[in-house]
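# Notes for the structure review
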Amino acid sequence: TVAEIADRAGLTARTFFRYFTDKREVLFAGSESLQSGMVAAVRAAPPDAQPLAAVAAGLDAAATLIGGDHEFSARRQAIIAGTDELRERELKKLSSLAAAMAQGLRDRGVDDGVARLAAEAGIAVFRVAFERWADEPGDRSLSQVIRESMDQLLALSGSMSSDGPGGLPTEED
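Residues numbered from 1 in each chain as written. Predicted model: local features only at pLDDT ≥ 70, side-chain atom pairs only at ≥ 80, totals over all residues. Heavy atoms only, no water.

## Describing the pattern of salt bridges
Quick reminder of the rule: Throughout this description, the term salt bridge denotes a Lys or Arg side-chain nitrogen within 4 Å of a carboxyl oxygen of Asp or Glu.
Counted under the stated rule, the structure contains 10 salt bridges. When the shortest N-O distance is used, the salt bridge between Glu-136 and Arg-140 registers 2.7 Å.

Written out as structure tokens, the structure reads:
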């Protein structure tokens, strides 16, 4: 309960609620800083960077911000993975990150549809990479796993045939 959490932290429940809207939010503390760091990196990417490269810069910033404590991240991820409500909260947070990065891309002059697609693809890479990294023993950095996952996405997209948009059959087929 919130009362138990606050007591263990040496706080009152009232003080707890000054910092968190509910007890689930404890696991997502710092999400505003994460979002602002990722968006700042997207905006600061070189002017000639393609949208997905700018998103990769945002993911690299995320790795720097949250990749320093593998043991904590692994425990946190296990808690989230084991609770439907927390998985739902995590998906909402990831959706907010995608929307913010898409806005960062639009601020760079990227078309809305391309910005949304690049941001959503980047968040998919981030989510898969973070889960992989949290499940690993901890001998690789989060940055390495994110880069590997981004390379896998690029390889997948490059391996599609060119029959139609995205390698899908055209209406004429």
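## Some thoughts on helix H8 (residues 142-158)
Residues lying three or four places apart along an α-helix face the same way, a consequence of the helix completing one turn every 3.6 residues. Note the cut-off: Secondary structure elements are taken from DSSP: a helix is a run of H or I of four residues or more, a strand is a run of E of two residues or more, and numbering for both begins at the N terminus. One less than the number of residues in a helix, times 1.5 Å, gives the span that helix is expected to have. Think of it in three bands: with a 1.4 Å probe and only protein chains considered, a residue is buried below 20% of the maximum accessible area for its type, exposed above 50%, and partly exposed in between. In this description, one arc is meant: the one made by directions from the helix axis to the C-beta atoms.
In this model H8 runs 24 Å from its N-terminal to its C-terminal C-alpha over 17 residues, within 8% of the 24 Å that 1.5 Å per residue would give. All buried positions along H8 are accounted for by Leu-142, Ser-143, Val-145, Ile-146, Ser-149 and Met-150. Viewed along the axis of H8, the buried residues span an arc of 165°, placing them on a single side of the element. In H8, the exposed positions angled more than 90 degrees off the buried face are occupied by Ala-155 and Gly-158.

## What to know about the layout of surface pockets
Here is the rule: Grid points spaced at 1 Å over the protein atoms alone were grouped into cavities, where a 1.4 Å probe fits but cannot get out, and pockets, open sets with protein on both sides within 12 Å along at least five of seven lines, with lining residues defined by an atom within 4 Å of a point. Grid points are joined across faces, edges and corners, and a volume is the space filled by probe spheres set on the points. All amino acids are sorted into three groups, where Ala, Val, Leu, Ile, Met, Phe, Trp, Tyr, Cys and Pro are nonpolar, Asp, Glu, Lys and Arg are charged, and the leftover types, Gly among them, are polar.
When its volume is computed, the second largest pocket comes out at roughly 190 Å³. If you go around the second largest pocket, the residues you meet are Gln-50, Pro-51, Leu-52, Val-114, Leu-117, Ala-118, Ala-121, Leu-153, Leu-154 and Ser-157. When residues of the lining of the second largest pocket are traced back to their parent elements, those giving at least two are helix H4 (51-66), helix H7 (112-135) and H8. Looking at the lining of the second largest pocket element by element, the count peaks at four residues for H7. Here the lining of the second largest pocket is composed, by residue class, of eight nonpolar, two polar and no charged.

## Here's the deal with the packing of aromatic side chains
Where we set the bar: Working definition: rings of Phe, Tyr and Trp (its six-membered ring) pair if their centres are within 6.5 Å, and the pair is stacked with planes under 30 degrees apart, edge-to-face with planes over 60 apart, and tilted otherwise.
Per the counting criterion, the structure on display carries two aromatic pairs. Here the aromatic rings of Phe-126 and Phe-130 are separated by 6.2 Å at their centres, their planes lie at 35°, and the arrangement is tilted. Taken together, the residues Phe-126 and Phe-130, both in helix H7 and four residues apart, mark about one turn of the helix. Since its relative accessible area comes to 6%, Phe-126 is described here as buried. With a centroid separation of 5.7 Å and 55° between ring planes, the pair formed by Phe-130 and Trp-133 is classed as tilted. In this pair, Phe-130 and Trp-133 both sit in helix H7, three residues apart, roughly one turn of the helix. Among the residues examined, Trp-133 registers a relative accessible area of 1% and is labelled buried.

## Structural notes on the environment of Ser-95
With respect to the secondary-structure elements, Ser-95 resides in helix H6 (residues 84-107). By relative accessible area, which is 41% here, Ser-95 ends up partly exposed. Ser-95 sits 24 residues away from Ala-119 along the chain, and the two C-alpha atoms are 9.6 Å apart.

## Points about the environment of Ala-121
Along the polypeptide, Ala-121 turns up in helix H7. Along the primary structure Ala-121 and Val-55 are separated by 66 residues, whereas in three dimensions their C-alpha atoms are 8.9 Å apart.

## Overview of helix H5 (residues 70-81)
The test is simple: Any two residues whose heavy atoms approach within 4.5 Å are treated as being in contact.
With 12 residues, H5 should cover 16 Å at 1.5 Å per step; its first-to-last C-alpha distance of 16 Å lies within 8% of that length. Turning to H5, its buried residues are His-70, Ser-73, Arg-76, Gln-77 and Ile-80. Viewed end-on, H5 has its buried residues packed into an arc of 130°, placing them on one side of the element. Facing away from the buried side of H5 by over 90 degrees, the exposed positions are Glu-71 and Ala-78. Structurally, H5 contributes buried residues whose contacts are with H4, H6 and H7.

## Quick look at the packing of H7 against H8
Selection criterion: To get an axis, a line is fitted to the C-alpha atoms, and for a helix only the part in contact is used. The angle between two axes follows their N-to-C directions and goes from 0 to 180 degrees. The cut-offs work like this: below 35 degrees is roughly parallel, past 145 is roughly antiparallel, 65 to 115 is roughly perpendicular, and the gaps in between are oblique. By convention the crossing between two helices is left-handed if the near helix lies anticlockwise of the far one by an angle smaller than a right angle, and right-handed if it lies clockwise.
The N-to-C vectors of H7 and H8 enclose an angle of 130°; their axes lie 9 Å apart at closest approach. By the angle between their directions, the pair H7 and H8 is classed as oblique. Crossing angle aside, the handedness with which H7 passes H8 is right-handed. Residues Ala-121, Val-125, Phe-126, Ala-129, Phe-130, Arg-132 and Trp-133 of H7 form the contact with H8, whose own contacting residues are Leu-142, Val-145, Ile-146, Glu-148, Ser-149, Met-150, Gln-152 and Leu-153. Looking at the contact of H7 with H8 residue by residue, the classes come out as 11 nonpolar, two polar and two charged.

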